[in-house]
Amino acid sequence: MKAFLADMLTGRRVLNLPHDSASWTQTLNDTDSVTVTIPLYAASQDAAAERLANDARILDLRNTASLGKTVLVVEDEGKLVGGPIMERSYDSATSRLTLTAAGMWSYFDHRVLLPPAAASKPLVKADGTPDTSLDMHWSKVTWNTIARNIVEQAMNWPNGHVPVVLEEPETGSSEVNYTAVDLNIVGEVLSNITERENGCDIMFVCQRQEDGLGFEWRMVTGHPLIQAAEHKFNANALNPGLTDLNSSETADSLATRCWFSAGKSDDKVLVASAYSTLLTDAGAPCWDMVNSEHSTVKILQTLQDYATEAAGVYYLPVSSTECKIHRDYLTGIARLSLANLNVGDLMTFRTTGDWFFADGEHTRRITALSASEDDNWITVTLGDVFSTVTIDEREA
């Protein structure tokens, strides 16, 4: 793997980063992560390690790898993953510096959903009432564009224009209001959009700038899913394309009826629920779930969308499948570059004679990818693919 440092505001002033260990993880609808370890001293009898440490010391990493202003990017067989450096630690016993970066989504986890005018105007009037002129409203657009506009607004603040490339706006029928005094966090609002019934997947994909002299992050949204391709592999003992095929399931979120409540910002209480008969039709008793995480929602239909989305998912136990793909198998037999294996893609694997999985094909969605420079295996995390189900909605 190659590793680079760059200026966070421009994505430029790129430095090649000498290192002896690197790993990365990409996650759907969440922030990515990168960890790189750099030797700053090596014994003179190890010429290669000493040369690596000397090159690292020349970079003055105490300043050039500063937190809050520098991005760390790794390149693994054409795939770029990176974002702002969030942690930095030095171990004097091993003379190694460890840098940990999160994806560009993490930057918006540290931005408040407010218009730029709030930089010079109080959110609350002298009489103690909120200044509603700072509230935000978008209508006649898609949720993709609402997510886009939220990020664009954050970037329009002074010194907030990080190198994120936005999609073109879309017209639609969605409408939303955000109250300034709620001090919503941009990253949390984006996460909420991915959970809505009519919401969308969201990713910030690292790429090189057009002239190749810097990095930028392309904001990508799905309609509603980000799904670029479908890949097929064998998971049979005699012809394994996948190995270490593991599965876990939990009933913690199992529900026939999902209740959602809101009303944090005013005296109006909102409650919405949605019901699916699929679980009880299969012979199970009724199960309930209650969610009050969207307490700032003021529009009942918005709350109903969250309930309906949940009822269309949690009629089944939440399951996760994990497997590994060898790099040589991926590029050789499968003829697939790592750069073209992406979160959001569908993966179909065929099993025969497995002790747990039934014989036949199983289709899952890639929800995370991770790899290490020290390992020839790509770890793939897979989530369920849900069919459209009939949901009974009830508002209270």
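Presented here is a report on the structure given in the accompanying data block. (Residues numbered from 1 in each chain as written. Predicted model: local features only at pLDDT ≥ 70, side-chain atom pairs only at ≥ 80, totals over all residues. Heavy atoms only, no water.)

**A closer look at the pairing of strand 11 (residues 202–208)**
In step 1: Counting buried residues along strand 11, 5 of its 7 residues qualify, which places the element largely inside the surrounding structure.
In step 2: In this structure, strand 11 lies alongside strand 12 (residues 215–221), joined through 7 bridges in antiparallel fashion. Among the inter-strand pairings, Arg-208 is bridged to a residue of strand 12, identified as Phe-215.
In step 3: Connecting the antiparallel pair strand 11 and strand 12 is a turn made up of 6 residues, with Gly-212 showing a positive phi of about 75°. (Buried < 20%, exposed > 50% of the residue type's maximum accessible area, 1.4 Å probe, protein only. Helix = DSSP H or I, 4+ residues; strand = E, 2+ residues; numbered from the N terminus. Pairing = 2+ DSSP bridges.)

**Here's the deal with the sheet that holds strand 12**
In step 1: Strands sit in the order 9-12-11 across an open sheet of 3 strands; the sheet is mixed. Looking at strand neighbours, the two that pair on one side only are strand 9 (164–165) and strand 11, the edges of this open sheet.
In step 2: Pairing analysis gives 2 bridges linking strand 9 to strand 12, with the strands arranged parallel. If you follow Val-164 over to strand 12, its bridge partner there is Trp-217.
In step 3: Across the sheet, helix 4 (residues 143–155) touches strand 9, strand 11 and strand 12, and the angle it forms with strand 12 is around 150°. (Contact = heavy atoms within 4.5 Å. Axes fitted to C-alpha atoms, helices over the stretch in contact; angles between N-to-C directions.)

**Some thoughts on the environment of Ala-311**
In step 1: Its location among the elements puts Ala-311 in helix 7 (residues 300–311).
In step 2: Using a relative accessible area of 1% as the deciding quantity, one classes Ala-311 as buried.
In step 3: Residues Ala-311 and Trp-259, spaced 52 residues apart in sequence, show a C-alpha to C-alpha distance of 9.3 Å.

These figures capture arrangement, not role.
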